[in-house]
Amino acid sequence: MRYLTALLAAACVTSPAFATPLKPGQFAGSVNVGAELPLDGDVHGGATATVASLAALNPNLPATSAQLRIESRSYDDIYGNATTYGIEGRFGLEGDREVFAELRRTEADGGSVQVGTAFVPALSATLPVNGTFDDFKSTTVEAGVRQYFGSGKVRPYVAARAGVAFTDEIRASFRVPVPNGVGTEPNDINLNNVPFYDDSTTVSAGLDVGASWQVAERLSVSAEVGIRYRGDLDGNDAAIGGLGLASINNDSDAISVPVSVKLSYAF
C-alpha cells in the first residue's frame, strides 16, 4: 500500500492528465477490489415433509414420525456481503467507448442459521432445525462495453456485461437438538457434510454506473456500483431428497449490488 501511494503521488506530479476514455486502439489493464451486497435470491427455498421414523435419522431415537418444516433462507441470511477482487483488460473504440473483459473472484464466509423446525406429534414438541453452510466461492468471466460521458479529468460512464460464473460445490450440515430423556444419548439428529450444490456453471450479467478520475497520463482510478444477476446453481439431492426436501435447492439464482474501486494503467 505504501508503494502504491508513492507511485500515485509521483505519477500525478510528473505526468499531465488527459481524458479518461482510451484512445481508439489503446489497451489498458486494471485491478479492482470491492464487495457484493445481496439484494434478492435464496440459498434454499421452503418445504414441508414428513419423516416416518426418527430412528432412521438416529437409531437412538424412538420410531416415531416428525414433520420437517423448512423455511426459505436468503443469501443475506446465510452469507451477507461478499468480497470481490479481479483483473480487467480494456480496448479503446471510437466515440469515448471501450470494450472490456474481466476475471473476478467472489468469496463469502459460510453461516449458521435456523432453517426451520421439526414438529414431533408424539412429544407435542417443535424442535429447531439448524443449518451450517460452506463458504461461497465463485469465479466469473465477463465481457462488455463501457460508454463515457462529458469531458475533463472526472468522467462518468455506464457499462453492460455478460458472461459465465463458475461456483464451487457447497455442502451443508444440519442439526436437530433433541431434549434429554427422549431415546438414549447421544440423541441429537446430525446430518453432516451433506451435498447441497454441485460445482456449477451459470450465466452472469449486469449493468454498472461509475466515474473515472484521471490521476496521471496513463493512470486512472474509478469508483463503480451496479447490479448483477447469476443463474441457478446445480442442486444435489443425494441426501436431502430422501427426506422429501428435493425442491428446496431448485431455485438459487441471485441478484446483488456490486460496489468496487479500480486502478487502471493505459499502455
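Residues numbered from 1 in each chain as written. Predicted model: local features only at pLDDT ≥ 70, side-chain atom pairs only at ≥ 80, totals over all residues. Heavy atoms only, no water.

K.L.:
Could you give me a rundown of the overall build of the protein chain, with the residues and numbers involved?
P.N.:
Within the protein chain, the secondary structure is distributed over two helices and 16 strands. Relative to the compact-globule value of 18 Å for 267 residues, the protein chain shows a C-alpha radius of gyration of 25 Å, a clear excess of over 25%. With respect to the three principal axes, the spread of C-alpha positions in the protein chain is 80 × 35 × 25 Å. Expressed as a percentage of the 267 residues in the protein chain, the buried residues total 43%. (Helix = DSSP H or I, 4+ residues; strand = E, 2+ residues; numbered from the N terminus. Rg over C-alpha atoms; globule rule 2.2 N^0.38 Å. Buried < 20%, exposed > 50% of the residue type's maximum accessible area, 1.4 Å probe, protein only.)

K.L.:
With reference to specific residues and values, describe the sheet that holds strand S8 (residues 112-120).
P.N.:
The six strands are arranged S3-S4-S8-S9-S12-S13 in an open sheet whose pairing can be described as antiparallel. The sheet is open, and its two edges are formed by strand S3 (47-51) and strand S13 (189-197), each paired on a single side. This sheet shows a mean twist of 25 degrees between the axes of neighbouring strands, independent of strand direction. Pairing analysis gives eight bridges linking S8 to strand S9 (residues 125-133), with the strands arranged antiparallel. Bridging across to S9, serine 112 finds its partner in threonine 132. (Pairing = 2+ DSSP bridges. Axes fitted to C-alpha atoms, helices over the stretch in contact; angles between N-to-C directions.)

K.L.:
Explain the environment of alanine 216 to me, using residue names and the numbers behind them.
P.N.:
Locating alanine 216 in the fold gives a position in the loop between strand S14 (200-214) and strand S15 (219-230). Look at alanine 216 and you get buried, because its relative accessible area is 2%. Separated by 63 residues in the primary sequence, alanine 216 and lysine 153 place their C-alpha atoms 9.5 Å from one another.

K.L.:
Describe the sheet that holds strand S10 (residues 136-148), listing the residues and the values that go with them.
P.N.:
With respect to topology, eight strands assemble into a closed barrel ordered S1-S6-S7-S10-S11-S14-S15-S16, the strand pairing being antiparallel. If you compare each strand with its neighbour and ignore which way they point, the axes differ by 25 degrees on average.

K.L.:
Residues and numbers for the nonpolar core, please.
P.N.:
Grouped together as the largest cluster of nonpolar side chains are 39 residues, with contacts concentrated most on Val43, Tyr75, Tyr79, Val115, Phe133, Phe196 and Leu245. Those elements giving two or more residues to this core turn out to be S3, strand S4 (66-70), helix H2 (75-78), S8, S9, strand S12 (170-176) and S13. Aside from chain neighbours lying at most four places away, what touches phenylalanine 133 is Val43, His44, Ile78, Tyr79, Gly110, Gly111, Val115, Arg171, Ala172, Phe174 and Phe196. (Core = buried A, V, L, I, M, F, W, Y, C linked by side-chain atoms within 4.5 Å. Contact = heavy atoms within 4.5 Å.)

K.L.:
Which residues make up unusual backbone geometry, and what values do they have?
P.N.:
Cis geometry is found at the peptide bond from glutamate 185 to proline 186, where omega equals -10 degrees. Checked against the element boundaries, proline 186 lands in the loop between S12 and S13. Phi is positive for aspartate 96, which is not a glycine, with a value near 55 degrees. Locating aspartate 96 in the fold gives a position in the loop between strand S6 (82-93) and strand S7 (97-108). A positive phi angle, near 50 degrees, is found at serine 124, a position not held by glycine. By the element assignment, serine 124 lies in the loop between S8 and S9.

K.L.:
I'd like to hear about the packing of aromatic side chains, residue by residue, with values.
P.N.:
A complete count under the given rule lists ten aromatic pairs for this structure. Ring geometry for tyrosine 75 against phenylalanine 136: centres 6.3 Å apart, planes inclined by 85 degrees, an arrangement best described as edge-to-face. In this pair, tyrosine 75 is assigned in helix H2 and phenylalanine 136 in strand S10, connecting sequence segments 61 residues apart. For the pair tyrosine 75 and phenylalanine 136, one class covers both residues: buried. (Phe/Tyr/Trp six-rings, centres within 6.5 Å; stacked < 30°, edge-to-face > 60°.)

K.L.:
I'd love a proper account of a nonpolar patch on the surface, names of residues and values included.
P.N.:
On the surface, Val31, Ile87, Leu103, Val141, Val164 and Phe166 cluster together to form a nonpolar patch covering roughly 470 Å² of accessible area. One can find valine 164 in strand S11 (residues 154-167). (Patch = residues over 30% accessible without salt bridge, like charges linked within 9 Å, V, L, I, M, F, W, Y side chains within 5 Å. Areas by Shrake-Rupley, 256 points an atom, 1.4 Å probe, with all protein chains shown as cover. Salt bridge = Lys/Arg side-chain N within 4 Å of Asp/Glu carboxyl O.)

K.L.:
Describe the pairing of S15, naming the residues involved and giving the relevant values.
P.N.:
Relative to S15, S14 is paired through eleven bridges, and the arrangement is antiparallel. In the sheet register, aspartate 208 faces S15, and the bridge partner there is glycine 226. Taking the residues between adjacent antiparallel strands as the criterion, S14 and S15 are bridged by four residues. Both S15 and strand S16 (residues 254-266) contribute to a ladder of ten bridges, which runs antiparallel. Among the inter-strand pairings, arginine 230 is bridged to a residue of S16, identified as alanine 254.

K.L.:
An account of the confidence of the model for the protein chain is needed here, citing residue identities and associated values.
P.N.:
Summary statistics for the protein chain give a mean pLDDT of 91 and a share of 93% for residues scoring 70 or more. When the criterion is pLDDT under 50, residues 1-19 qualifies, and its contacts beyond four places in sequence or with other chains add up to 22 contacts. (pLDDT = per-residue confidence, 0-100.)

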